[in-house]
Amino acid sequence: MKKMFNQVGESMKSARRWHGAAKAAIAVSALSFLASCAKDAPQDTWQPAGPNAEKIDNLQRPVFYVAGVVGVIVFAAVAWAMYRYRDRGQAIPEQTHGKPALEIVLTVIPVLILLGVAVPTAGTIFELAKTSDTEMTINVTGQQWWWEYDYPASGSNIEEFGITAPIVTSGQLVIPENTKVLLRVTSRDVIHSYWIPKLNGKKDSVPGRVHLLRMEGSQPGIYAGQCTEFCGLSHSYMRMEAVVLSRADYDKWVANELEEYTAPAAGTEAAVGESLFIQQCSRCHQVNGLANSDGSLIISAPDQYLVSGAAPNLTNLMTRNTFAGASWDLLTPECRNNVWNADSADFGERYLAGVSSDCLNQKDLREWLRNSPAKKPMYADPTKLEASDGKYRGMPALGLTEDQINSIIAYLLERK
Amino acid sequence: MITTSSKLFYGIGGVAFAAAIVWMIANNGGSGAVALVFVATASIFLGAIASYVRDGHVLSTDTEQHDSAPAAQRGSGRSWFPLGTALSLGTVIVGLVTSPGIFKVGVALLLAMLGEWLIQNWSDRASSDPSYNERVRGRVVHPLEIPIAGALLLAIIVLSSSRIFLALSKNAGAIVFSIIGILVLFFGSVLSIRRGTSVRFVGAVCGVVLLSLSVVGVVLALDGEREQLTEAAEEDHFAHRACGVEAEYSDKHAVRAVSAKSSVAATVTLKDGALYAEMDGYSGPLTSITLQRSLNSSIIFQNEDEGEHRMVVTYGKVVESLGGGVEREALLQACTSLVTKGGQQGVVVNIPKPSFSSTEGFSITVPGLEGASVEVLVP
């Protein structure tokens, strides 16, 4: 009797374990399925928005379907075999070894499948590596933890797009619609990786090397991405956005970027902010055209204070929608949605409006100016900089008062 | 029972514990006190073990054990470690008065010798079976000894060979090492044919060759590098430097590092008296290039014209102090050495300031050729 009770107990335990595992499997599957239904997924690789990403999509979809069918067949076969031949106390069946015909078939089928995948893969790789047909060139430089974009005043950039002087910006890459852009990707400190999933695949940015990456957007809009090579403490905060503008809007953007510096009107809060910027910020951040009272240009020297030797150029900060390595929006959520959700026809106008005082995301920008290392970890403790020869890897806390922050924000709001 | 050796450990433990208290009072806590408490704890633990096993002594009444107990066995009797320890100690002392490098080598040797000596003494008395003792020692130290000895052997071969290469002329070096290679191949072939050759003979030959290589290497290292290398080093032409007097011994056909040539920012060519640049991502020749700020950029210069020319990258000015309150403005420049027709040279520039910071702008030029210039823009 006791033995029977033990057997019943064991079988109940086994059933509970089985039911627990089944519930977990169902829960994971359901969550995975639900995750695929996410609407706000700006880095969705299944929604290409340019010819290069479409080439990748045209490759990955059939491969995914074939792999899916193969996977289902394999899992179904394994499940059937497990159930059909489960241990029921029967004798071990006769063991056989070697079925040449079957082995040949099972070798040839995977070879054919892999060949079917390899041929279009090689073709796509060569197409994505082509650089001879590109119409515009932009330098992309990664550093801890933001991306710098500079538009060289050379070749077709001058002739076709009117970039008569170098333009330097950060956080948002701005490109014209339906234009084959060539990114020259490199790094100033450690290895990073540049990835805008809706526009193309990844490309590592490596110190001392220049890697080429094609980029093209088919319709105006903003496309998000992020660094995909672990690059230190704030790797997860190293994001980027590509902004695609119609050709007419792009020309307006270029013209605005090339405009001369306009100093704030005397006696305004922005003028106070300008002098504070010169004292506190211009050591690292360049604002083109900013001058001392004697008229001499102020040239930042980030190479003296930062490991990477560079800090974002803030000349036209408020034409961008993000700051601090695209980690935070410069726009309030409402204004951001107004830009992000605009249709193609209205997008350019809304984007080019930049950041107004009504739309400024005061909360995040103020927190940043109060104590940036508390918002984004950046090895900014002055007592622990021996290893980097006294140089920071990001922006240190400047100890600004609220009044100073007000003035600097007033000054920055005019940088567009 | 407090035995002889346990007294030592208890004593160390007591002193360490007292020192920890003194340390804590003097330094208001700190990691030193923690370390001393650990020492005290470990010593008392070892003392307790020594007490428990009564120092491993054999009882006086157990007369059979007097000769067979492990502690009664004689050591191997031919230990080199006392001599090695003495030499290491000498090296440490010499290093103290000469150079930190020798001192560090001496300390490393001293620690190695003391460790070996300790393990030797322990293994000699691990059991009453000398062959077992030898195996026990091998299990402990061979995983360290063999790789280190192998690395040292390789280091001797590489260092000696490199000293010989640097001392001989370029042609003589190639001839000498070709002959050595042929001899090694010949000896190896003979060994493969004559399978009965004794291991001792092979070892002796290898030892003699290694010793000869080391002796020749040391002699030639003391004699110094060949004349051209010595003078080239004095000229410091290996380093990229501000443009000055042309280096006499520079290698005008230097290949440079593969990495510098495989990922260049720009290739600048002098042809028919004109200068133009080519960059990845641009079609056709450029007379204006943009380089990123604060980024190492490799620029290759290739000369397609007759005669020797050099490329000069000018990227602003710097104020130099000449002493006594006297200052002067100097150009920030990076240069290649003179390049003959068909030759290439590279420079790496890192420009920390934007080009608009200079009223004259930044440029790439070839001295002596009017109009041969490429504009350099830095945003």
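Along each chain, the written sequence defines residue order, and numbers are assigned to residues from 1. Going through the entries in the order they are written, you letter the chains from A and number the ligands from 1. In keeping with the model being predicted, local features are shown solely for residues with a pLDDT of at least 70 and side-chain atom pairs are shown and tallied solely at 80 or more, while totals for entire chains, interfaces and linings include all residues. As a convention, hydrogens and water are excluded, and side-chain values are obtained from all of the structure's heavy atoms.

Asks: Got a sec to walk through a nonpolar patch on the surface? Specific residues and values, please.
Replies: All names here are of chain A. Taken together, the side chains of V66, V70, V74, V78, M82, V105, I109 and I113 define a hydrophobic patch exposed on the protein surface, amounting to about 640 Å² of accessible area. Mapped by element, the contributors of at least two residues to the nonpolar patch are α2 (51-84) and α3 (100-129). The helix count covers DSSP runs of H or I at least four residues long, the strand count covers runs of E at least two residues long, and both are numbered beginning at the N terminus. When residues in the nonpolar patch are grouped by element, the largest group, five residues, is from α2. The topology assignment puts V74 in helix α2. Note on classification: 1.4 Å probe, protein chains only; a residue is buried when its accessible area is under 20% of the maximum for its type, exposed when over 50%, partly exposed between these limits. A relative accessible area of 44% means that V74 is categorised as partly exposed. Patch definition: residues with relative accessible area over 30% and no salt bridge; like charges joined within 9 Å; nonpolar side chains (Val, Leu, Ile, Met, Phe, Trp, Tyr) joined within 5 Å. Surface exposure here means Shrake-Rupley accessible area, sampled with a 1.4 Å probe, where a residue is shielded only by the protein chains that are shown. By convention in these notes, a salt bridge is any Lys or Arg side-chain nitrogen within 4 Å of a carboxyl oxygen on Asp or Glu.

Asks: Report on the sheet that holds strand β4 (residues 172-176) of chain A, specifying residues and quantitative values.
Replies: All names here are of chain A. Reading across the sheet, the three strands line up as β4-β10-β9 and stay open at both edges, with mixed pairing between neighbours. A strand with exactly one partner marks an edge of an open sheet, and here the two such strands are β4 and β9 (221-226). Taking each pair of neighbouring strands and ignoring which way they run, the sheet shows an average axis angle of 20°. Residue contacts follow a heavy-atom distance rule, with two residues in contact if any of their heavy atoms lie within 4.5 Å. Fitting a line to C-alpha atoms yields each axis, with helices limited to the stretch in contact; the angle taken between N-to-C directions then spans 0 to 180 degrees. Lying over the sheet, helix α8 (residues 344-352) contacts β4, β9 and β10 (239-245), oriented at roughly 120° with respect to β10. At least two bridges found by DSSP between two strands is the condition for calling them paired.

Asks: So, the nonpolar core: which residues are in play, and what are the values?
Replies: By nonpolar core we mean a set of buried residues, namely Ala, Val, Leu, Ile, Met, Phe, Trp, Tyr and Cys, connected to one another through side-chain atoms within 4.5 Å. Residues Y151, L173, L183, Y194, M215 and Y250 of chain A are the most contacted members of the largest nonpolar core, which totals 69 residues. A total of six residues in this core trace back to one element, the largest contributor, which is helix α11 (residues 402-413) of chain A. Ignoring anything within four residues of it in the chain, the contact list for Y151 of chain A reads M136, I138, N157, I163, A165, P166, I167, T169, L173, V174, Y250 and W253 of chain A. Counting 28 residues, the second-largest nonpolar core is a separate cluster that includes A265, L275, A334 and V349 of chain B.

Asks: Tell me what's going on with the confidence of the model for chain B, and back it up with residues and numbers.
Replies: Residues and elements named next belong to chain B. Confidence scores per residue from the predictor, reported as pLDDT, run from 0 to 100. Mean pLDDT over chain B: 84, with 87% of residues reaching 70 or higher. For chain B, per-element mean pLDDT is lowest for helix α10 (residues 258-262), which scores 57, and highest for strand β8 (residues 362-365), which scores 94. For this predicted complex, the interface score ipTM comes out at 0.81, alongside a pTM of 0.69.

Asks: Could you give me a rundown of the environment of V339 of chain A, with the residues and numbers involved?
Replies: All names here are of chain A. Considering the arrangement of structural elements, one finds V339 in helix α7 (residues 333-340). Given a relative accessible area of 5%, V339 falls into the buried group. Considered as a pair, V339 and G354 are 15 residues apart in the sequence and their alpha carbons are 9.8 Å apart.

Asks: Please provide a residue-by-residue account of the packing of helix α1 (residues 4-27) of chain B against helix α2 (residues 31-52) of chain B, values included.
Replies: Residues and elements named next belong to chain B. Interaxial distance between α1 and α2 falls to 7 Å at its minimum, and their mutual angle equals 160°. If you check the angle between α1 and α2, you find them roughly antiparallel. Remark: the crossing between α1 and α2 carries left-handed chirality. Residues were grouped as follows: Ala, Val, Leu, Ile, Met, Phe, Trp, Tyr, Cys and Pro as nonpolar; Asp, Glu, Lys and Arg as charged; and all remaining residues, including Gly, as polar. When the residues that make up the contact of α1 with α2 are grouped by side-chain class, the tally is 18 nonpolar, seven polar and no charged. Angle categories: roughly parallel below 35 degrees, roughly antiparallel above 145, roughly perpendicular from 65 to 115, and oblique for all the rest. Each crossing gets its hand from how the near helix is turned against the far one by less than a right angle, where anticlockwise is left-handed and clockwise is right-handed.

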